[in-house]
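Chain by chain, the residues:
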Amino acid sequence: MTTAMAGVLALAAGLAVAAATAAAEAGQRDALAAALAAPRPIAAGDSPWLEELTWMEIRDRIAAGTDTVIIPTGGIEENGPYLATGKHNLILEASCPAIAEALGNTLCAPIVKFVPEGRIEPPEGAMRFPGTISLAPATYEALLTDIARSLKQAGFRHIVLIGDSGGNQAGMAAVAKRLGAAWAGSGTAIHFVREYYDPGWTATEEYTRETLGVRETRHDGYHDDIWVTAMMMVTDPAQVRFDERVDAGLASINGVSLEPLADTVALGRAMLDFRARFTADAIRRAIAAHD
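Per-chain numbering applies: the sequence of each chain, read as written, is numbered from 1 onward. With the structure being a predicted model, the display of local features is reserved for residues of pLDDT at least 70 and the display and counting of side-chain atom pairs for 80 or more, all residues being used for whole-chain, interface and lining totals. Derived side-chain values reflect all non-hydrogen atoms in the structure, with water molecules and hydrogen atoms excluded from consideration.

Section: the sheet that holds strand β4 (residues 189–192)
Phase 1 of the analysis: Strand order in the open sheet made by the four strands is β2-β1-β3-β4, with parallel pairing throughout. What marks the edges here is a single partner per strand, and that holds for β2 (106–108) and β4. The mean inter-strand angle of the sheet, taken between neighbouring strand axes irrespective of direction, is 20°.
Phase 2 of the analysis: The pairing of strand β1 (residues 68–73) with strand β3 (residues 158–163) spans six bridges and is parallel. Residue pairing in the sheet places P72 in a bridge with I162 of β3.
Phase 3 of the analysis: The contact criterion used is simple: two residues touch if any of their non-hydrogen atoms lie within 4.5 Å. The axes used here are C-alpha line fits, helices contributing only the stretch in contact, and every angle between their N-to-C directions lies in the interval 0 to 180 degrees. Numbering goes from the N terminus for both helices and strands, where a helix is a DSSP run of H or I of at least four residues and a strand is a run of E of at least two. In the packing of helix α5 (residues 169–182) onto the sheet, the strands contacted are β1, β3 and β4, and the crossing angle to β4 comes to about 160°. At least two bridges found by DSSP between two strands are what make those strands a pair.

Shown next, in the form of structure tokens:
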């Protein structure tokens, strides 16, 4: 066989392989497109939490107008002798769905439970107490960045960052600033809504005193108060050790009784309703300013 003939045969073989590869890739793309467009085989479930929905349910909600998703950040930290270390996460379990409902067309991403809580070695702040878990600021920001990028890829147009603790705020602001610049003109916006925390906490406290008529009369000296306790109790009274405190005659905080249970849960719901409306208004303003 001549060299020229061998070259022709090699070229033909190469072209055949390339054509077969292209056909296979096209077939894979068609199969993926068909899978992504497939109808749900059953009725849709209903939850405000992204992690409790199937990918088909999320797809269909986005197609129907659910264009906003909230990334809530909490924490694991020391909170005195009565409150579980997941205090902020417990509050967000109740507050994020309430905010989503107040906004409409909104879902909640899974709570980011690990946040900066101070230097680990040597320990500072809450890290001096067993059970606290801290992230380095760079780790926290990298985590938020990848979560936000994933939600943009899913098709959400507005990604909202809120945090229930003071140490969470700077990292969220930095991530929103960087991604906001990178995503300019992309059709997706990211919003750091500090108002959930500040002035959301103090506004809720004032509302509780002035409108609900509940006032603390002393300070027991713990990282705890009636606002966090009542809001946590909406999710799970066991996480504030309600029964154990009743048994020990310690069912109060800062001069406010936690008994009866139903009344304190109702108080927590009223606080959460106010805070949800307050935050939803702030999110609407942020979205309007962008649009």
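Having seen it, we continue.
Here's the deal with the state of the cysteines
Phase 1 of the analysis: Cysteine sulfurs are considered disulfide-paired once they come within 2.5 Å of each other. On inspection of all chains with the given rule, the structure shows one disulfide.
Phase 2 of the analysis: Here C96 connects covalently by a disulfide to C108, the sulfurs 2.3 Å from one another. In this structure, the disulfide formed by C96 and C108 twists by about -110° around the S-S bond and is classed as left-handed. Of this pair, C96 sits in helix α3 (residues 87–103) while C108 sits in strand β2, placing them twelve residues apart in sequence.

With respect to the pairing of β4
Phase 1 of the analysis: In this sheet, β4 lies alongside β3 in parallel orientation, the contact comprising four bridges. Within the sheet, the bridge partner assigned to H158 lies in β4 and is A189.
Phase 2 of the analysis: Place the viewer so that the strands point away; then a crossover is right-handed whenever the path from the first strand over the helix to the second strand goes clockwise. Between β3 and its parallel partner β4, the chain crosses via α5, and the hand of that crossover is right-handed.

Remarks on the layout of surface pockets
In this approach, a probe sized like a water molecule rolls over the atoms, and the result shows the empty space that is left.
Phase 1 of the analysis: Using protein atoms alone on a 1 Å grid, points that fit a 1.4 Å probe yet trap it form a cavity, whereas open point sets bounded by protein on both sides within 12 Å along at least five of seven lines form a pocket; residues with an atom within 4 Å of a point count as lining. Grid points are joined across faces, edges and corners, and a volume is the space filled by probe spheres set on the points. Looking at the largest pocket, its volume works out to about 240 Å³.
Phase 2 of the analysis: For the lining of the largest pocket, the secondary-structure elements that each account for two or more residues are α3 and α6 (200–210).
Phase 3 of the analysis: With three residues, the single largest contributor to the lining of the largest pocket is α6.
Phase 4 of the analysis: Classification used: nonpolar for Ala, Val, Leu, Ile, Met, Phe, Trp, Tyr, Cys and Pro, charged for Asp, Glu, Lys and Arg, polar for all others including Gly. Broken down by class, the residue content of the lining of the largest pocket amounts to four nonpolar, five polar and seven charged.
Phase 5 of the analysis: Around the second largest pocket, the lining residues are L36, W55, I58, R59, I62, Q153 and A154.
Phase 6 of the analysis: Listing elements by their share of the lining of the second largest pocket, those giving two or more residues are α2 (55–63) and α4 (137–154).
Phase 7 of the analysis: Examining the composition of the lining of the second largest pocket, we find that four residues originate from one element, α2, more than from any other.
Phase 8 of the analysis: Residues that form the lining of the second largest pocket fall into these classes: five nonpolar, one polar and one charged.

What to know about the packing of α6 against helix α9 (residues 261–290)
Phase 1 of the analysis: Following both chains from N to C, one finds α6 and α9 inclined at 135°, their axes separated by 10 Å at the closest point. The angle between α6 and α9 falls in the class oblique. By crossing handedness, the relation of α6 to α9 is classed as right-handed. Residues G200, W201, A203, T204, Y207 and T208 of α6 form the contact with α9, whose participating residues are L267, A270, M271, F274, R275, R277 and F278.
Phase 2 of the analysis: For the contact of α6 with α9, the per-class residue count stands at eight nonpolar, three polar and two charged. Any angle that falls under 35 degrees is termed roughly parallel, while one over 145 is termed roughly antiparallel, one within 65 to 115 roughly perpendicular, and all others oblique. In a left-handed crossing the near helix is turned counterclockwise from the far helix by less than a right angle, and in a right-handed crossing that turn is clockwise.

Concerning a nonpolar patch on the surface
Phase 1 of the analysis: Each patch is built from residues that are more than 30% exposed by relative accessible area and take part in no salt bridge. Like charges join if they lie within 9 Å; nonpolar side chains (Val, Leu, Ile, Met, Phe, Trp, Tyr) join within 5 Å. In this description, accessible areas are obtained by the Shrake-Rupley approach with a 1.4 Å probe, and a residue is regarded as covered only by the protein chains that are shown. Each salt bridge in this description consists of a side-chain nitrogen of Lys or Arg and a carboxyl oxygen of Asp or Glu lying within 4 Å of one another. A cluster of nonpolar side chains, namely L32, L36 and W55, defines an oily patch on the protein surface of about 320 Å² accessible area.
Phase 2 of the analysis: Mapped onto the fold, W55 is located in helix α2.

A short note on the pairing of β3
Phase 1 of the analysis: Relative accessibility thresholds used throughout: buried, under 20% of the residue-type maximum; exposed, over 50%; partly exposed, between the two (1.4 Å probe, protein chains only). Most of β3 sits out of view: six of its six residues are buried.
Phase 2 of the analysis: Side chains H158, V160 and I162 project from β3 onto one buried face, and the interleaved I159, L161 and G163 project onto a second face that is buried too.

Observations regarding α5
Phase 1 of the analysis: Between its first and last C-alpha atoms α5 spans 20 Å; for 14 residues at 1.5 Å apiece the expected length is 20 Å, and the two agree.
Phase 2 of the analysis: In this fold, the buried residues of α5 make contact with β1, α4, β3 and β4. One less than the number of residues in a helix, times 1.5 Å, gives the span that helix is expected to have.

Examining the nonpolar core
Phase 1 of the analysis: Within the largest apolar cluster, 43 residues are counted, with the highest numbers of intra-cluster contacts made by I70, I91, I99, I162, I226, M231 and I283.
Phase 2 of the analysis: Secondary-structure elements contributing two or more residues to this core are α3, β3, α7 (226–235) and α9.
Phase 3 of the analysis: Looking at which element gives the most residues to this core, the answer is α9, with nine residues.
Phase 4 of the analysis: Apart from the residues lying within four places of it in its own chain, the contact partners of I283 are I70, I99, L103, V160 and V193. For the purposes of this section, nonpolar cores are sets of buried Ala, Val, Leu, Ile, Met, Phe, Trp, Tyr and Cys residues that join through side-chain atoms within 4.5 Å.

What about the packing of α4 against α5?
Phase 1 of the analysis: Here α4 crosses α5 at 45°, and the two axes come no closer than 9 Å. Compared by their axis directions, α4 and α5 come out oblique. Judged by the sense of rotation from one axis to the other, the crossing of α4 with α5 is right-handed. For the pair formed by α4 and α5, the contact residues are Y140, E141, L144, T145, A148 and R149 on the first element and G171, M172, A174, V175, R178 and L179 on the second.
Phase 2 of the analysis: When the residues that make up the contact of α4 with α5 are grouped by side-chain class, the tally is seven nonpolar, two polar and three charged.

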